[in-house]
Amino acid sequence: EAQVTQNPRYLITVTGKKLTVTCSQNMNHEYMSWYRQDPGLGLRQIYYSMNVEVTDKGDVPEGYKVSRKEKRNFPLILESPSPNQTSLYFCASSPGQLANTGELFFGEGSRLTVL
Amino acid sequence: ILNVEQSPQSLHVQEGDSTNFTCSFPSSNFYALHWYRWETAKSPEALFVMTLNGDEKKKGRISATLNTKEGYSYLYIKGSQPEDSATYLCAYSNNNDMRFGAGTRLTVKP
C-alpha cells in the first residue's frame, strides 16, 4: 500500500531533550516536506527537500533540522525542544513539482507536546 | 510573504443544503491552486489541483473554480451530507513550496 509513515504518532517530552520524528514514503517520491499545524494558522512549512541531499527552509525552520540521505526517508530533528514547538506535525511527499499536478500525500501526523 | 486567505472560518449547514466557500491568494506569479479535504483524526487528502484561469473541476457533489486574474477559487458542495463534515484547505504553490490557508471547517447536521 502506498503510504507516508510517521513515527511516533504521539509524544510527550521535556524541554531540551533531543528528539527525532521519522518519516518514510514507499512511493519513490522525490519531493518531501514537513509541516506543523497550529490552531487558526493552517499548515506551515518547516523544511522541504526536492531530492536526496537537497533540503531548504520553509516558513518556520527555527529550532528544527532535517536530513535527506535516502530518497524514502526525511526525519525531522528537534535538537533542544521548547514548549512553543508543541504542535501537530505532518510529513508529506509528492511525485514531482508542486506547480504541476504534484499533489501532496500526507502522513497521519505526529502530535508532540513539550513540557 | 504570500498569504492565502479562506472564508468563512467555519460553517454549519443542514443535510441537503448546498454550500460554498472561498480561497483568495496572490494573483502574481501563480503556479497552481490545490484543495484538500481534512477529516478529524485523519490526514489531509487532495481533492483538486487547478493551474489555468477558468479551470473548473468536479468530483461527485464537490466542484471548484479558479480565477487567477483576481486571485480566488470557490469550492462548492451540492446537497451536503454528514460525511462531508471536514476542514477544507486550499493551498497556493510554486515549484518549491505550498502555502496553505487556515481552512474552512464544515459541519453538516443530519
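Located above this text is the structure these notes cover.
Computed from a predicted structure; not experimentally measured.

Thresholds, definitions, all that
Residues numbered from 1 in each chain as written. Chains lettered and ligands numbered in written order. Predicted model: local features only at pLDDT ≥ 70, side-chain atom pairs only at ≥ 80, totals over all residues. Heavy atoms only, no water. Salt bridge = Lys/Arg side-chain N within 4 Å of Asp/Glu carboxyl O. Helix = DSSP H or I, 4+ residues; strand = E, 2+ residues; numbered from the N terminus. Buried < 20%, exposed > 50% of the residue type's maximum accessible area, 1.4 Å probe, protein only. Phe/Tyr/Trp six-rings, centres within 6.5 Å; stacked < 30°, edge-to-face > 60°. Lys NZ or Arg CZ within 6 Å of the ring centre and 35° of its normal. Pairing = 2+ DSSP bridges. Axes fitted to C-alpha atoms, helices over the stretch in contact; angles between N-to-C directions. Disulfide = S-S within 2.5 Å.

Under the definition given, this model contains nine salt bridges over all chains. Here arginine 99 of chain B makes a salt bridge to aspartate 59 of chain A, at a shortest N to O gap of 3.0 Å. On the criterion of chain membership, the pair formed by arginine 99 of chain B in strand E10 (residues 98–100) and aspartate 59 of chain A in the loop between strand E6 (54–57) and strand E7 (65–66) is interchain, its members lying in two chains. Taking relative accessible area as the criterion, arginine 99 of chain B reaches 16% and is therefore assigned buried. The class for aspartate 59 of chain A is partly exposed, based on a relative accessible area of 36%. For aspartate 84 of chain B, the salt bridge is made with arginine 61 of chain B, and the minimal N-O distance between the two is 2.8 Å.

To continue, consider the packing of aromatic side chains. Evaluation of the coordinates by the stated rule reveals 14 aromatic pairs over all chains. Measuring from centroid to centroid gives 6.2 Å for tyrosine 35 of chain A and phenylalanine 106 of chain A, while their planes differ by 45°, and the two rings are tilted. Here tyrosine 35 of chain A is found in strand E4 (residues 31–38), whereas its partner phenylalanine 106 of chain A is found in strand E10 (residues 105–106), with 71 residues between them in sequence. Summarising the burial analysis for this pair, tyrosine 35 of chain A and phenylalanine 106 of chain A share the class buried. Here the aromatic rings of phenylalanine 90 of chain A and tryptophan 38 of chain B are separated by 5.4 Å at their centres, their planes lie at 80°, and the arrangement is edge-to-face. Within this pair, whereas phenylalanine 90 of chain A is found in strand E9 (residues 87–94), its partner tryptophan 38 of chain B is found in strand E4 (residues 32–38), the two belonging to separate chains. For phenylalanine 90 of chain A, a relative accessible area of 1% puts it in the buried group. For lysine 59 of chain B, the ring lying beneath its charged end belongs to phenylalanine 48 of chain B, and the centroid distance is 5.9 Å.

All names here are of chain B. In space, the five strands of this open sheet follow the order E1-E3-E8-E7-E6, with antiparallel pairing throughout. Where the open sheet ends on each side, the last strands, each with one partner, are strand E1 (5–7) and strand E6 (56–59). Across the sheet, the axes of successive neighbouring strands diverge by a mean angle of 15°, strand direction being ignored. The sheet contact formed by strand E7 (residues 62–67) and strand E8 (residues 72–77) spans six bridges and is antiparallel. Counted as the bridge partner of alanine 64 is leucine 75 from E8.

Residues and elements named next belong to chain A. Judged by pairing direction, the sheet is antiparallel, and its four strands sit side by side in the order E1-E3-E8-E7 without closing on themselves. Strands at the two margins of the open sheet, each flanked by one partner only, are strand E1 (4–7) and E7. Sheet topology places E7 next to strand E8 (residues 76–78); two bridges connect them, and they run antiparallel. From the neighbouring strand, valine 66 faces E8, where its bridge partner is leucine 76.

In this structure the tally under the stated criterion is two disulfides over all chains. Each sulfur of the disulfide joining cysteine 23 of chain A and cysteine 91 of chain A lies 1.9 Å from the other. Negative torsions about the S-S bond denote left-handed disulfides, and the value of about -75° found for cysteine 23 of chain A with cysteine 91 of chain A makes this one left-handed. Here cysteine 91 of chain A lies in strand E9 and cysteine 23 of chain A lies in strand E3 (residues 19–25), a separation of 68 residues in the sequence. Summarising the burial analysis for this pair, cysteine 23 of chain A and cysteine 91 of chain A share the class buried. Residue pairing for cysteine 23 of chain B: its cysteine sulfur links by disulfide to cysteine 90 of chain B, the two sulfurs lying 1.9 Å apart. Taking the sign of the torsion about the S-S bond as the criterion, the disulfide between cysteine 23 of chain B and cysteine 90 of chain B, at about 70°, is right-handed. Pair noted here: cysteine 23 of chain B is in strand E3 (residues 19–24) and cysteine 90 of chain B is in strand E9 (residues 86–93), with a separation of 67 residues, a long-range link. A relative accessible area of 0% places cysteine 23 of chain B in the buried class. Judged by its relative accessible area of 0%, cysteine 90 of chain B is buried.

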